[in-house]
Structure formats: structure tokens, C-alpha cells
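One letter stands for each residue in the lines below.
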Amino acid sequence: MEVTGVVWFGIVTFLCQVFSCAFADDPSSKADKKAVIFSSNDRSTRAEHVYSHEDNHMDTAVNAASQLETPSDLLIVEFPSSSAGQRRRKREWVIPPYRIPENERGSFPKKLFQLKVKLYGVPDEEIVYSITGEGADQPPVRIFTIDKKTGNLFVTQPLDREKKDLYKLKAHAISEDGKKTASPTNLTIIVIDQNDNKPEFTENPFNGQVSEASKDLEFMTVTATDADDSETNNAMVRYTIVSQEPTFPKPHMFDINASTGTIRVREPGMDREQWPRYTLLIVAADMEGEGLATTGTAVITVTDSNDNPPQFEQTSHIISVQENKVGAIVTKLTVTDGDEVGSPAWSTRYRIISGDKSGFFSVSTGPSQLEGIITTVKPLDFEKTKQYVLWVIVENDEPFVGSLTTSTSTATVTVNVEDVNEPPEFNPKEKVISRHENLPVDTELVAYSASDPDTGKSQKITYIIANDPADWLSVNQDTGMIKVKSIMDRESARVKDGKYRAIILALDDDDENPATGTGTLVIELEDVNDNSPIINEESIEICNREAKVLLSITDKDGPLYAAPFSVEPQGDTKKSWTARMNETKTGILLTLNSVLEQGNYNVVLRVYDTNDMYQDNSIQATVCDCKGDKFICKKMMAGIPLSLTLGIMAAILALLLSLLLLLLLMRKKQSSMKKPLLPEEDDIRDNVCCYDEEGGGEDDQNYDLSVLHRGLDNRPEVFRNDVAPIFLPAPQYRPRPVNPEEIATFFYYNLKTADEDPTAPPYDSLLVFDYEGGGSDARSLSSLNSSSSGQDQDYDFLNEWGPRFKKLADMYGGEN
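Residues numbered from 1 in each chain as written. Predicted model: local features only at pLDDT ≥ 70, side-chain atom pairs only at ≥ 80, totals over all residues. Heavy atoms only, no water.

- For the chain, the name recorded in an unreviewed UniProt entry is Cadherin-1, with Cyprinus carpio as its organism.
- The UniProt entry for the chain carries the following text under Function (unreviewed entry): "Cadherins are calcium-dependent cell adhesion proteins." (UniProt positions renumbered as here; feature names shortened; annotations may be inferred.)

1. Observations regarding the state of the cysteines
Next up, step 1: This model, assessed by the stated rule, comprises 1 disulfide.
Next up, step 2: Residue Cys-543 pairs covalently with Cys-626 via a disulfide, S to S 1.9 Å. Between Cys-543 and Cys-626 the disulfide shows an S-S torsion of about -100 degrees. By sign, it is left-handed. Of this pair, Cys-543 sits in strand E39 (residues 539–545) while Cys-626 sits in strand E45 (residues 614–627), placing them 83 residues apart in sequence.
Next up, step 3: For Cys-543, a relative accessible area of 2% puts it in the buried group. (Disulfide = S-S within 2.5 Å. Helix = DSSP H or I, 4+ residues; strand = E, 2+ residues; numbered from the N terminus. Buried < 20%, exposed > 50% of the residue type's maximum accessible area, 1.4 Å probe, protein only.)

2. Some points on a nonpolar patch on the surface
Next up, step 1: A cluster of nonpolar side chains, namely Phe-797, Trp-801, Phe-805, Leu-808, Met-811 and Tyr-812, defines an oily patch on the protein surface of about 570 Å² accessible area.
Next up, step 2: Structurally, the position occupied by Met-811 is in helix H7 (residues 806–812).
Next up, step 3: Assessed through its relative accessible area of 48%, Met-811 is described here as partly exposed. (Patch = residues over 30% accessible without salt bridge, like charges linked within 9 Å, V, L, I, M, F, W, Y side chains within 5 Å. Areas by Shrake-Rupley, 256 points an atom, 1.4 Å probe, with all protein chains shown as cover. Salt bridge = Lys/Arg side-chain N within 4 Å of Asp/Glu carboxyl O.)

3. Side note on the pairing of strand E41 (residues 566–569)
Next up, step 1: Residues Val-567 and Pro-569 point to one face of E41 and are all buried, whereas Ser-566 and Glu-568, pointing to the other face, are not buried.
Next up, step 2: Direction of pairing for E41 relative to strand E44 (residues 599–608): antiparallel, over a ladder of 4 bridges. What sits directly across from Glu-568, in E44, is Arg-606. (Pairing = 2+ DSSP bridges.)

4. Some words on the pattern of salt bridges
Next up, step 1: In total, this model carries 20 salt bridges according to the counting rule given.
Next up, step 2: The partner of Lys-110 in a salt bridge is Glu-104, and the shortest N-O contact between them spans 3.9 Å.
Next up, step 3: Residue Glu-104 is classed as partly exposed on the basis of its relative accessible area of 25%.
Next up, step 4: Salt bridges sharing partners connect three or more residues here, namely Arg-349, Arg-351, Glu-395 and Asp-397.

5. Describing the sheet that holds strand E33 (residues 462–467)
Next up, step 1: With mixed pairing, 4 strands are arranged side by side in an open sheet as E30-E37-E36-E33. Two strands bound the open sheet, and with one partner strand each, they are strand E30 (430–436) and E33. Direction aside, neighbouring strands of the sheet carry axes that sit 30 degrees apart on average.
Next up, step 2: Two elements, E33 and strand E36 (residues 499–507), share 5 bridges in a ladder whose sense is antiparallel. Considered in E36, the bridge of Ile-464 is made with Leu-505. (Axes fitted to C-alpha atoms, helices over the stretch in contact; angles between N-to-C directions.)

6. Points about unusual backbone geometry
Next up, step 1: Residue Phe-108 is joined to Pro-109 through a cis peptide bond whose omega torsion reads 5 degrees.
Next up, step 2: Structurally, Pro-109 is set in the loop between strand E5 (98–101) and strand E6 (110–119).
Next up, step 3: In this structure, the amide linkage connecting Asn-427 to the following residue, Pro-428, adopts the cis form with an omega of 5 degrees.
Next up, step 4: Take Pro-428: it is sitting in the loop between strand E29 (425–426) and E30.

7. Looking at the confidence of the model for the chain
Next up, step 1: In the predicted model, the chain carries a mean pLDDT of 76, and 74% of its residues have values of at least 70.
Next up, step 2: Of the regions scoring below 50 in pLDDT, residues 1–10 engages in 11 contacts with residues more than four places distant in sequence or in other chains.
Next up, step 3: Every residue in residues 12–92 is under pLDDT 50, and counting partners more than four places away or in other chains gives 167 contacts. (pLDDT = per-residue confidence, 0-100. Contact = heavy atoms within 4.5 Å.)

8. Quick look at the side chain of Ser-409
Next up, step 1: Note that Ser-409 resides in strand E28 (residues 409–418).
Next up, step 2: At 3.2 Å, the side chain of Ser-409 and the backbone nitrogen of Phe-312 are in polar contact.
Next up, step 3: Not counting chain neighbours up to four residues away, the residues in contact with Ser-409 comprise Pro-310, Gln-311, Phe-312, Val-392, Ile-393 and Val-394. (Polar contact = N/O pair within 3.5 Å; in protein donor to acceptor, adjacent residues only side chain to side chain.)

Below, the structure is given as C-alpha cells:
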């Protein structure tokens with residue numbers, strides 16, 4: 001058989017050479033060819049690839065091993081030589097992957113297959129083999145090795161598919177002298193999975209909940225994973241329940257979906273009050289339940305179902321409630337419930353099913369969740385309904401189960417309404433009327449009366465006015481007739497949007513609990529033409545050439561008696577001024593008829609409203625020597641230009657200074673004349689001698705007054721305020737108010753400010769006498785110093801000073 005394979009190999013090689021020579025462009029190119037031969041342990045198929053270097057195509061023949069075998073099971077591939085000059089590039093042959101099982105046992109390294117290359121002109125023993133790629137020279141390194149002489153490929157250790165399931169290598173062949181090489185060939189090695197991993201549960205234990213009333217309900221899922229190949233049975237996991245604790249009421253209360261791991265309730269009859277928890281032991285096995293297995297636990301908590309209906313502790317109540325109260329608590333209905341505390345099957349809610357068609361009551365759940373609180377949501381009326389009988393049922397937040405769907409507890413509440421004294425009621429609560437303003441005093445406006453809702457009582461109603469902002473109204477205390485007390489004015493600040501509001505009270509005469517009803521009277525005041533239009537501007541500034549001023553007009557009356565306005569100049573204003581209305585008839589355009597001298601003028605304009613009611617308006621106009629809107633006014637004083645005024649004032653000031661210098665010279669000349677210190681004895685006139693100045697020598701006429709001020713120079717904190725203070729700020733006076741009603745406040749404030757003004761004359765005078773001078777022969781006049789001298793002092797000279805000093809001479813002179 002091996003001989004037959006060799007013969008066929010020779011025939012195929014020969015035919016390829018002939019075919020290449022027949023179609024070659026260059027006869028010399030058919031020399032120097034290579035053949036690459038691969039040997040495989042897989043004898044099931046053989047593939048022979050013949051590459052044509054001329055036509056750039058590849059023919060492939062696949063034959064049964066029985067038909068074509070070589071002695072060494074070699075796979076032959078023929079390539080063009082890389083050293084024979086330029087050749088067309090040939091398509092590369094892709095070798096099918098080689099498969100090897102993981103976890104192989106035995107000795108290592110273990111031979112996988114042999115690579116064989118035919119390099120024409122190179123003996124087999126001179127060809128060197130090598131491999132590169134993952135598992136060879138790249139991490140993980142040296143998993144695969146090759147015998148460089150024989151081309152045998154080895155695996156050096158057992159493989160683990162879960163770590164790496166595919167290796168890609170490149171095979172290289174080269175002559176020992178490096179002159180001839182074979183093109184690199186791709187080798188793919190696939191690791192075949194083995195069932196070496198058992199399933200693992202994703203969590204353990206699994207926790208789930210199911211209601212005790214559940215039937216045929218899927219409520220939780222357990223999951224296990226397998227690290228083996230998911231495309232094989234090695235990772236096909238199946239689930240089974242091994243045991244159940246407790247086994248009551250039946251040993252198989254649950255079952256599990258073998259493929260998905262979903263757990264469902266199989267049998268009814270769970271009771272949370274007896275068996276609140278179940279524990280299931282679950283097995284997960286691969287190979288569709290026949291392979292490796294692992295165990296896990298599922299803990300199932302049985303939740304409460306509403307199988308215990310709530311019950312009223314007391315099913316009948318009789319209650320009394322006063323009328324007219326909203327939000328009043330009528331009663332509290334308490335219940336009991338046997339379900340789990342805090343669960344929806346335990347908490348309660350309530351409904352009034354009968355006796356309250358008009359919706360006067362509501363019932364809500366109390367804070368304890370086991371009581372219903374009935375309150376009033378509308379005021380009860382004893383005169384209409386004296387008693388209510390309410391039917392109340394209690395339910396849980398969770399619906400009842402099974403036969404309990406109709407088992408509800410009911411309570412009866414009888415509410416008796418108590419009569420109370422109710423206040424009189426105005427109808428309507430707010431009465432709106434329309435009346436003209438300026439109606440005469442005592443004009444009847446409307447009768448605004450109230451009725452007493454206590455029909456079973458006979459009570460008298462008295463009316464008073466609680467709030468009348470402008471004091472315009474009066475009310476008849478018996479009939480409620482509203483009259484005009486003082487003239488109403490629509491333009492008053494008390495009127496908002498043309499409406500005036502007053503509060504009227506109605507009081508009954510109940511002995512125990514008098515009640516008061518309140519009504520609001522709204523008077524829509526209709527406007528009458530009782531206000532003349534006025535000009536808003538009190539003063540204006542205008543150039544005397546090509547200028548105009550727009551004056552605005554205000555009329556307190558409504559639109560019916562206001563604009564359009566008209567205007568007429570009055571008196572001397574007609575001579576120099578022209579006034580006309582603007583386009584909208586709401587403003588006045590004021591212009592000059594001729595060029596006026598710069599100065600202040602009084603402009604009088606009579607303004608008419610649409611019904612010819614008028615008022616004369618006086619405006620202070622400042623006319624300046626300028627043109628158009630560029631208002632520039634030269635400074636004037638009393639109608640005289642400022643420059644001329646300043647010249648006059650300078651001349652007057654120079655004259656005053658001259659007079660002052662003349663007076664000073666005359667006084668100095670008089671002071672130089674010697675006068676006796678004492679008058680003649682026969683001169684009986686009184687002379688005033690000034691003794692308030694010390695120091696400066698004994699010559700009373702010639703001394704330096706600056707010496708007396710040294711005390712002030714040494715005390716800078718003391719101010720002389722015999723002149724206007726310069727260290728205090730001037731007070732701020734209020735400007736003249738626009739509103740005449742504020743003129744009294746204006747006078748009072750400015751008068752008080754002037755009284756407290758420290759910078760206004762007359763000024764207080766401060767004289768300092770704490771410095772007595774230096775170097776004076778005169779002694780101190782201090783009484784302290786005098787007392788210290790004792791009897792050394794001689795006062796006899798007082799007798800020589802005349803009758804005015806006789807008293808002093810008697811006190812200090814003489815022996816006594």
C-alpha cells in the first residue's frame with residue numbers, strides 16, 4: 001500500500017511539472033521548485049494542493065486514505081521557488097485546525113504531528129524547523145515545541161480549555177545555510193472540552209416569598225452556572241428538589257422546572273400561622289442531569305394572606321354632635337384583626353355605606369391602623385336634620401381570600417344633632433349697590449337686613465356698622481336701612497377701583513350665647529363732574545426763542561368727565577404766551593409769542609374738562625436767554641446779571657473796609673492818651689473798671705491780649721464758640737411739600753431743626769481764665785491765696801475808694 005502511494009505521488013508531481021512547463025512564459029522559470037509536505041495522524045482524509053505559478057490558481061483534490069496514502073502519511077504541497085527571479089504571488093494554503101483534548105494524561109512532551117518540507121536541492125537533514133505565536137514564543141510560552149530537525153510538533157503539558165481554548169501558531173522552514181526558505185504556514189490548535197467542572201449556584205441560599213393562599217404560582221428561580229463549553233452537554237444543567245422541611249401539610253408542596261430552575265407552588269394548604277418558612281434542598285447536575293452535581297438551598301418565607309377578617313369591638317354607637325361644626329370628631333370605631341401585624345392583611349380602611357347621602361361625614365383610618373375616625377366635613381343643621389344613622393363597614397388593605405370575600409364587619413352609628421344659637425345671616429353675604437357720589441346727607445341707600453336661622457326661637461336683631469373707613473354711612477339699628485351720613489367722594493383714597501366697602505353686623509339677643517352675623521356692603525360710586533382739571537407742573541424752564549414746553553393735566557374724575565381738555569391763557573399771559581392742546585387733548589403745548597427778557601414770569605392758564613368745568617392754574621416760568629431745547633440760563637440776581645451784581649458788591653465791600661480802617665485808626669489814637677486810674681474826688685459818676693484780665697503788666701491801657709489766650713493754645717480740645725462752629729455739620733431742612741396737608745409737619749420739623757442747630761447765631765461764648773500770665777508783679781486775686789496770708793493783708797485802702805466800697809471796708813478793714 002505504501003508503494004502504491006509513492007507511485008501516485010510521483011505521477012502527480014510529474015503532471016504538475018509538465019503542466020507548469022507547458023504554460024510557462026519563460027522556459028527557464030520551471031527550474032528550482034519547492035514542495036512542502038505535512039504529515040498528520042488523521043488518516044481519514046488527505047488533501048493535495050497544487051499551486052500553479054503561471055495561472056495563479058490552485059487545484060485541490062481530496063481522496064480517501066485508502067485510495068492515496070504515502071508511506072509516512074505526508075501531505076504534499078508544491079510552491080514556486082523564491083530564488084528563481086520574479087514570480088507571480090500564489091495563494092496561501094489554509095490548513096484545517098488540529099484538535100486536542102484538554103486534561104490529557106500520560107508523559108509529556110507528547111507528540112502531536114510532524115511537519116515535512118521539500119526544498120528542491122536541499123536534503124531533508126539540512127532543513128531547520130521552527131514555530132512562533134501564542135503558546136510558542138509568546139505567552140503562555142513553551143506550551144508547544146518543535147524538533148528543528150525532524151519537524152515533530154510536541155505539547156509540553158496538559159491543556160485547560162477554561163483558561164485558553166485556541167492557539168494560533170506559524171510554522172517556518174529554512175535551509176541550514178539560510179539561502180532557501182519555505183513560506184510560513186498557519187497552524188490552529190483547538191482545545192477540546194472535557195467535563196471537568198461541576199455546576200455552581202450563583203447564590204446560596206436563595207430566598208423567596210410566597211403568599212399562604214397561593215395556588216400553582218411560580219414565585220422564584222434558582223440558577224447554577226457551569227464553566228464547561230456551553231455548546232456541549234458538559235454545561236447542560238438540570239435541577240431537582242431533593243427534600244423539603246417541614247414536610248407539612250404535604251411532603252411535596254413545591255416543584256421545580258428542571259431546565260429553568262423556577263420553583264412553583266404545587267399543593268394548596270399553606271398556613272403562615274403554623275408553618276411560616278420552608279427550606280428546600282436542590283441538586284444541580286450537568287450532562288443534562290447525568291454528570292457532575294452540586295447542592296444548594298432555597299429558603300421560602302410564607303407571607304400572610306387576608307384570611308382573618310377585621311371585627312368591630314362595638315357594633316352600635318349613639319353620639320351627640322353640635323350643629324355647624326366642621327372637622328368635629330363624631331366617634332372612633334376600634335377593631336381587631338388576627339393577621340400579621342403591620343401587613344396589608346392587618347391594616348384596615350373604612351366606608352360609610354348608608355345614612356349619609358349628602359356627604360356630611362367622612363371616616364378615616366386612625367394612627368393605630370385598627371380604628372376608624374368619623375368626622376364632620378359639612379356643618380350640620382339642627383333645623384333641617386336632627387338625626388343621622390350611619391352604617392360603617394371595615395375592610396383590609398389587602399382583599400379577602402377564599403370564602404372570606406363577603407365576610408365584612410358592620411357597625412351602626414346614630415348621630416344626634418344638638419341645637420346651638422346661630423348668628424343672623426345676611427342674604428347675600430356681600431351686597432353690591434350702585435349710587436352716585438355726592439348724594440345729600442340722609443339719603444337712603446339700601447335696606448341691608450339679616451334673618452335668624454334659629455326658627456324655633458324668637459329673637460330680635462340689631463344692626464350696627466363695624467367698619468366704615470370714611471365714616472360716610474349710618475344704619476338704622478332696627479331695620480338695617482343704610483343712609484348717607486356725610487358726602488361720599490368717588491375720588492377719595494378710601495375708594496378702591498370705584499368701590500367703597502363697609503362691614504355691617506347683625507346681633508341677636510340670645511340670653512346665654514348672643515351671636516353676631518357679618519355682611520359686606522359694596523357701594524359702586526358712580527362718577528359726577530366734581531373735580532376740575534389741574535396742571536401737574538408748578539414751575540417750568542423755557543428758552544425765550546424757538547422753544548416750547550409740554551404740560552400734563554390731571555382730572556380726578558373718571559373718563560366720562562375728564563379728557564378731552566381745552567385751555568385758555570388768562571390776563572397778561574395772553575400777551576406773551578400761547579397755549580394749545582396736543583393731538584390727544586390731554587396735554588398743553590406752551591410757547592412764547594415774543595422774545596422775553598431773562599427772568600421769572602407767572603403764567604396763568606384756565607383748563608376746561610369735557611363738560612366745561614374749569615380751574616385757573618398758576619405756573620412759575622423761568623425764561624432764559626437761549627434757543628430751542630438747549631436750556632442755558634445766565635446767572636441773575638434780583639433781575640440783574642451776575643457780573644454786574646458782583647461788581648456792585650465788590651464796590652460796597654471796598655467802601656466798608658475803608659470805613660473800618662478809619663475807625664480803627666481813630667480808636668488807636670484815643671487809646672494812646674493817658675488817663676488817671678481813679679476819677680476826681682468830686683466826680684460822683686460811677687466808673688466801671690475791668691478786672692477780668694490778669695497779667696500783661698500794671699499798665700491797664702497798654703497790654704498784650706494774646707497772653708490771655710495761651711491757656712486755649714495749650715488746650716486744643718476746648719473750642720471757642722463765640723464764633724460759628726466749624727467742626728459741626730449743618731442740619732438738613734425738609735423741602736417745601738407738594739401736598740398742602742403736610743404743611744403743618746413741614747413747619748414743625750424745620751422749626752425744631754432750627755432750634756437745635758449749633759451753627760446758627762447767637763453763639764455761646766467761652767472765656768478761659770485758667771492762665772494768669774507770667775512775670776507779672778501783681779499777685780493772684782484768689783481767695784485761697786488771700787486766706788493763706790492771714791493778718792498780713794491790709795484792707796484799709798478800701799476806705800479811700802469812696803462810698804461804693806464802704807461795705808467792703810467795714811468787713812475787712814479795722815480791728816473787727
